[in-house]
Amino acid sequence: MMDEKTICPHCGSRMKKWRTPDFSTWSAEFFFVCFNDDCPYFTRGWNQMQATVAASVSYRYRYDPDTGYTGPIPVWSKDALKSGIIED
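Residues numbered from 1 in each chain as written. Predicted model: local features only at pLDDT ≥ 70, side-chain atom pairs only at ≥ 80, totals over all residues. Heavy atoms only, no water.

- Per an unreviewed UniProt entry, the protein goes by Ogr/Delta-like zinc finger and derives from Desulfacinum infernum DSM 9756.

1. A short note on the UniProt feature "domain: Zinc finger Ogr/Delta-type" (unreviewed entry) in the protein
Argument step 1. Those residues carrying the UniProt feature "domain: Zinc finger Ogr/Delta-type" (unreviewed entry) are residues 8–53 in this numbering.
Argument step 2. For residues 8–53, the helix share is 30%, the strand share is 17%, and the end-to-end C-alpha distance is 25 Å. (UniProt positions renumbered as here; feature names shortened; annotations may be inferred. Helix = DSSP H or I, 4+ residues; strand = E, 2+ residues; numbered from the N terminus.)

2. Some thoughts on the packing of aromatic side chains
Argument step 1. Tallying each qualifying case throughout the model produces 8 aromatic pairs.
Argument step 2. On the numbers, 5.6 Å between centres and 75° between planes, the contact of Phe42 with Trp46 is edge-to-face. Of the two residues, Phe42 and Trp46 both sit in helix H1 (residues 40–53), 4 residues apart, roughly one turn of that helix.
Argument step 3. By relative accessible area, Phe42 is classed as buried at 2%.
Argument step 4. The exposure class assigned to Trp46 is partly exposed, which follows from its relative accessible area of 27%.
Argument step 5. Sitting over the face of the ring of Phe42, Arg60 holds its NZ or CZ atom 3.9 Å from the ring centroid. (Phe/Tyr/Trp six-rings, centres within 6.5 Å; stacked < 30°, edge-to-face > 60°. Buried < 20%, exposed > 50% of the residue type's maximum accessible area, 1.4 Å probe, protein only. Lys NZ or Arg CZ within 6 Å of the ring centre and 35° of its normal.)

3. Observations regarding the pairing of strand E2 (residues 30–33)
Argument step 1. Residues Phe30 and Phe32 of E2 are buried on one face, and the alternating residues Phe31 and Val33, pointing to the opposite face, are buried as well.
Argument step 2. Relative to E2, strand E1 (residues 16–19) runs antiparallel, the two being bridged by 4 bridges. Bridging from a neighbouring strand, Arg19 pairs with Phe30 of E2.
Argument step 3. In terms of strand pairing, E2 meets strand E3 (residues 58–63) through 2 bridges, oriented antiparallel. Looking across to E3, one finds that Phe32 is bridged to Tyr63. (Pairing = 2+ DSSP bridges.)

Laid out in structure tokens, this is it:
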């Protein structure tokens, strides 16, 4: 399942498999998420979210292999969600 959709279009990093939480409403068992802490999508997100919703959060780029959806997944810190990374 490694193809161009698993490469972050914002920084060029290979995204990591991330296990979706049990009992979530997402249909996929896992997403591909960019965990590059220097990714511009992630780093710009802090200012964007502070300016638009006055929240100290950001987002990381994700790809849902079940639906093909790409877009943000919210995070509250640099380490948020990293415990769900699936190492192949």
